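A closer look at the structure
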Amino acid sequence: MVRGRISRLSVRDVRFPTSLGGHGSDAMHTDPDYSAAYVVIETDAEDGIKGCGITFTLGKGTEVDWSREGRGAPGNSGCPQCGVGLVGQAGGKACLEVTCGHEKQMLAQGYPAYTTSCAWLGYSDDTLKQLCAQALKDGWTRFKVKVGADLQDDVRRCQIIRDMIGPEKTLMMDANQRWDVPEAVEWMSKLAKFKPLWIEEPTSPDDILGHAAISKALVPLGIGIATGEQCHNRVIFKQLLQAKALQFLQIDSCRLGSVNENLSVLLMAKKFEIPVCPHAGGVGLCELVQHLIIFDYISVSASLKNRMCEYVDHLHEHFKYPVMIQRASYMPPKDPGYSTEMKEESVKKHQYPDGEVWKKLLAAQEN
């Protein structure tokens, strides 16, 4: 049954000045402004159903995605265009039907998460300590720290975090593609004393054999390889799995083109018995990926062993249906749709370059 025809398409350049606080900073991106080309497809259906989609970028390049999406072409500068998720429902009510034990477990306990929010590379030691202490107070047991710019700085910061969280809690590291293969092995050999569960993106994301070489060198040290957030199709994931180049597979809800492509990778990971630990954060990635991880658990993997999903605690306030975190876990969404709809007031305020926020910032730069 056809519910309506597309009546209007709008694409807007929305940018949040996260660089002002060092949020999102890592060895590759020192001062990013988390941004998005935000797409809304309206219909003439009686119930007003519409579709909302996001292309997550780091500010630079958003105008490219804005132009391409306005012409109906997929974006490609920051992360390829995600699937446009419909919001709204017939009759105005949503119903969540619980039919199996796995669904009941999700509703009761949620999907385990880890936090990246306390250890961005641009944070001062005082900020790092403050945020880490708050995360511990909030019940977090899994932490990720950004590394890769300066070895001695990494040693100092990792020592701070490990001392604060203690030996029992889980620590991960993320180099954001900063190293070549020999450098990755040498660098991580010196950070191995902090007992990281994994090193994420140690080198170029499409260097399959490079990841395999790093994996072969670091697994004996107890360090796994995690990668995938920059992999844009199932073929690269297939090769990473076949080459035994990773121990933790990281899908990205925007980088992989469409829900179907993500599901293909989930199925391959199941075949190779590699845990999926998705990348999230940015603008709306947590909102998007929550649907994928819960589907993976209920319908594909049926396991939470060595599985967790990234969580970054900023920008959720701009979404109409933000993620819900309880006890350091993603709680299943109960609202219909793909959780992509942003608040109109947030879009207007942060639209680039004529939104209220950017008018003030750009005027201050000129002065």
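Residues numbered from 1 in each chain as written. Predicted model: local features only at pLDDT ≥ 70, side-chain atom pairs only at ≥ 80, totals over all residues. Heavy atoms only, no water.

Quick notes on the overall build of the protein
When helices and strands are counted, the protein shows 11 helices and 13 strands. Burial statistics for the protein: of 367 residues in total, 52% are counted as buried. In the protein, of all internal contacts separated by at least 6 residues, the share reaching a separation of at least 24 is 72%. Carbon and sulfur atoms provide 51% of the accessible area of the protein, an area that totals close to 16,500 Å². (Helix = DSSP H or I, 4+ residues; strand = E, 2+ residues; numbered from the N terminus. Buried < 20%, exposed > 50% of the residue type's maximum accessible area, 1.4 Å probe, protein only. Contact = heavy atoms within 4.5 Å. Areas by Shrake-Rupley, 256 points an atom, 1.4 Å probe, with all protein chains shown as cover.)

What about the confidence of the model for the protein?
Taken residue by residue, the protein gives an average pLDDT of 88. The fraction at 70 or more is 89%. Counting interchain partners and residues more than four positions distant, the pLDDT-below-50 stretch residues 72-98 has 76 contacts. (pLDDT = per-residue confidence, 0-100.)

Concerning the environment of K348
As for its position among the elements, K348 is in helix α10 (residues 344-350). The exposure class of K348 is exposed, given its relative accessible area of 53%. With 336 residues separating them along the chain, K348 and R12 place their C-alpha atoms 9.2 Å apart. For K348, the residues in contact, after removing those within four places along its chain, are R12, G355 and E356.

Observations concerning the packing of aromatic side chains
Using the criterion set out here, one finds 7 aromatic pairs in the structure. Relative to Y311, the ring of W140 lies with its centre 5.8 Å away and its plane at 10°, an arrangement referred to as stacked. Taken together, the positions of W140 in the loop between α3 (125-137) and β6 (142-146) and Y311 in strand β11 (residues 309-311) put the pair 171 residues apart, joining distant regions of the chain. The same class applies to W140 and to Y311, which are both buried. With a centroid separation of 5.2 Å and an interplanar angle of 80°, the aromatic rings of Y352 and W358 are classed as edge-to-face. Classification of Y352 as partly exposed rests on a relative accessible area of 28%. An aromatic cluster of at least three residues, connected via ring pairs, comprises Y114, W198 and F248. One cation-aromatic arrangement involves R15 over Y352; the distance from NZ or CZ to the ring centre is 3.9 Å. (Phe/Tyr/Trp six-rings, centres within 6.5 Å; stacked < 30°, edge-to-face > 60°. Lys NZ or Arg CZ within 6 Å of the ring centre and 35° of its normal.)

Side note on α3
Relative to the 18 Å expected for 13 residues at 1.5 Å per residue, α3 spans 18 Å between its end C-alpha atoms, a close match to the ideal helical length. L128, C132 and A135 are the residues of α3 that are buried. Considered in projection along α3, the buried side chains sweep an arc of 60° and stay on one side of the axis. More than 90 degrees from the buried face of α3, the exposed residues found are D126, Q130 and K137. Tucked inside the fold, the buried residues of α3 contact β6 and α4 (151-165). At the C-terminal side of α3, G139 shows a positive phi close to 100°. (Expected span 1.5 Å × (residues − 1). Arc of directions from axis to C-beta.)

Digging into the pattern of salt bridges
If you walk through the whole model with that rule in mind, you get 15 salt bridges. The shortest N-O distance in the salt bridge between E344 and R12 comes to 2.9 Å. One end of the pair, E344, is in helix α10; the other, R12, is in strand β1 (residues 6-15), and 332 residues separate them in sequence. With a relative accessible area of 35%, E344 lands in the partly exposed category. Between E356 and K360 there is a salt bridge whose closest N-O contact spans 3.6 Å. Placement of both E356 and K360 in helix α11 (residues 356-366) is noted, with a separation of 4 residues, approximately one turn of the helix. Judged by relative accessible area, which is 45%, E356 ranks as partly exposed. Salt bridges sharing common partners tie together K144, K146, D174, E200 and E310. (Salt bridge = Lys/Arg side-chain N within 4 Å of Asp/Glu carboxyl O.)

Quick word on the environment of V347
Its location among the elements puts V347 in helix α10. Expressed as a C-alpha distance, the spacing of V347 and R15, which sit 332 residues apart in the sequence, is 8.7 Å. The residues touching V347, leaving out its near neighbours within four places in the chain, are R12, V14, Y38 and M342.

Some thoughts on the packing of helix α2 (residues 101-109) against helix α9 (residues 285-301)
With their axes 9 Å apart at the nearest point, α2 and α9 run at an angle of 145° to one another. Relative to α9, α2 is oriented so that their crossing is right-handed. Contacts from H102, E103, Q105 and M106 of α2 reach α9 at I294, Y297 and I298. Here the contact of α2 with α9 is built from residues that sort into 4 nonpolar, 2 polar and 1 charged. (Axes fitted to C-alpha atoms, helices over the stretch in contact; angles between N-to-C directions. Left-handed = near helix turned anticlockwise from the far one by under 90°. Nonpolar A, V, L, I, M, F, W, Y, C, P; charged D, E, K, R; others polar.)

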